[in-house]
Amino acid sequence: MFRNEVRKSNIKSFILGGSAEFTIYQEAKDGKEAQQAHYKVKISKEGNCYFVRVNNVYQGCIYKKQPYLLYTKGAKGNNTKATKALLWVLNHQGDFPDEVHVLHMGTCACCGRKLSDPLSIELGIGPTCRARREEQ
Ligand SMILES: [Zn+2]
C-alpha cells in the first residue's frame, strides 16, 4: 500500500531492532483525524531497554518486558498520544487495523544501513542483520 511500509508480522522485530527510525501513520476514520508521528527507538548500551524519541524529543524508555510500558523518568517530551500509539502497536503484535501503518525511512532497523532488496524493504531489516538475529 505504502512504499516503505513494514510488513505487519515483522513490526515488533522491526521496532525493537535496536536502531529503528519510522513513522506511525493512522488514516482518518470514523470522524477521527489522521495522525502521524516520527519515532526513533534506540537500544541502550546495556541492551536492557529502548530509548524512545518522538519528533526528535526524548519521551522515555521501554524495558524488554511485556507488556511494554514507557518509563518517563528524565524525559523532555510528553507526547502522550504518540507514545500511546507506539505502545499499542508493540503490544498488539500485528493484529491491528488496516488503517494503521508503520513506515520505515529506508534504513535497517538494526544497523541503520540503507535497505536495497525488496524483501529487506518489506521487513525493514537488511539481510546481514536478519541472519544475525536468526542465529541468536
Ligand atoms: Zn542492518
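Residues numbered from 1 in each chain as written. Predicted model: local features only at pLDDT ≥ 70, side-chain atom pairs only at ≥ 80, totals over all residues.

Enquirer: Which residues make up the sheet that holds strand S2 (residues 35-43), and what values go with them?
Expert: Here six strands make up an open sheet; going across it, the order is S5-S4-S3-S2-S1-S6 and the pairing antiparallel. Among the strands making up the open sheet, the edge pair consists of strand S5 (70-71) and strand S6 (100-104). Where strand S3 (residues 49-54) lies against strand S4 (residues 57-63), six bridges are found, and the strand directions are antiparallel. When the bridges of S4 are listed, Tyr-50 appears paired with Ile-62. (Pairing = 2+ DSSP bridges. Helix = DSSP H or I, 4+ residues; strand = E, 2+ residues; numbered from the N terminus.)

Enquirer: If you had to explain the pairing of S4 to someone new, which residues and values would you point to?
Expert: The side chains of a regular strand alternate, residue by residue, between the two faces of the sheet. Here S3 hands over to S4 after two residues, with Asn-55 in that stretch at a positive phi of 45 degrees. Two elements, S4 and S5, share two bridges in a ladder whose sense is antiparallel. By the bridge assignment for S5, Cys-61 is matched with Tyr-71. Counted between consecutive antiparallel strands, the loop separating S4 from S5 contains six residues.

Enquirer: Could you give an account of unusual backbone geometry, naming the residues involved and the relevant values?
Expert: Look at the link from Gln-66 to Pro-67: it is a cis peptide, with omega at -5 degrees. With respect to the helices and strands, the residue Pro-67 is situated in the loop between S4 and S5. At Asn-55, a residue that is not glycine, the phi angle is positive and equals roughly 45 degrees. As for its position among the elements, Asn-55 is in the loop between S3 and S4.

Enquirer: Give a detailed account of the nonpolar core, specifying residues and quantitative values.
Expert: In terms of nonpolar packing, the biggest core is built from 27 residues, with Phe-14, Val-52 and Leu-86 touching the most fellow members. Counting residues per element, the ones that place at least two in this core are helix H1 (11-15), strand S1 (19-26), S2, S3, S4 and helix H2 (80-91). At five residues, H2 tops the list of elements feeding residues into this core. Excluding anything up to four places from it in sequence, Phe-14 contacts Val-6, Ala-20, Val-102, Ala-109, Leu-123, Gly-124 and Ile-125. (Core = buried A, V, L, I, M, F, W, Y, C linked by C-beta atoms within 7 Å. Buried ≥ 20, exposed ≤ 12 C-beta atoms within 10 Å, placed from the backbone. Contact = placed C-beta atoms within 7 Å.)

Enquirer: For the environment of Leu-86, give the residues involved together with the corresponding values.
Expert: Tracing the backbone through its elements, the reader meets Leu-86 in helix H2. Among the residues examined, Leu-86 registers 23 C-beta atoms within 10 Å and is labelled buried. When the C-alpha atoms of Leu-86 and Leu-70 are compared, they prove to be 9.6 Å apart, with 16 residues separating the residues in sequence. Setting aside its immediate chain neighbours within four residues, Leu-86 contacts Ile-24, Tyr-39 and Val-52.

Enquirer: Can you break down H2 residue by residue, with the values?
Expert: Between its first and last C-alpha atoms H2 spans 16 Å; for twelve residues at 1.5 Å apiece the expected length is 16 Å, and the two agree. Looking only at H2, the buried set comprises Ala-82, Thr-83, Ala-85, Leu-86, Val-89 and Leu-90. Down the axis of H2, the sector holding all buried residues measures 155 degrees, keeping them to one side. Residues of H2 that are exposed and point over 90 degrees away from its buried face: Thr-80, Lys-81 and Lys-84. (Expected span 1.5 Å × (residues − 1). Arc of directions from axis to C-beta.)

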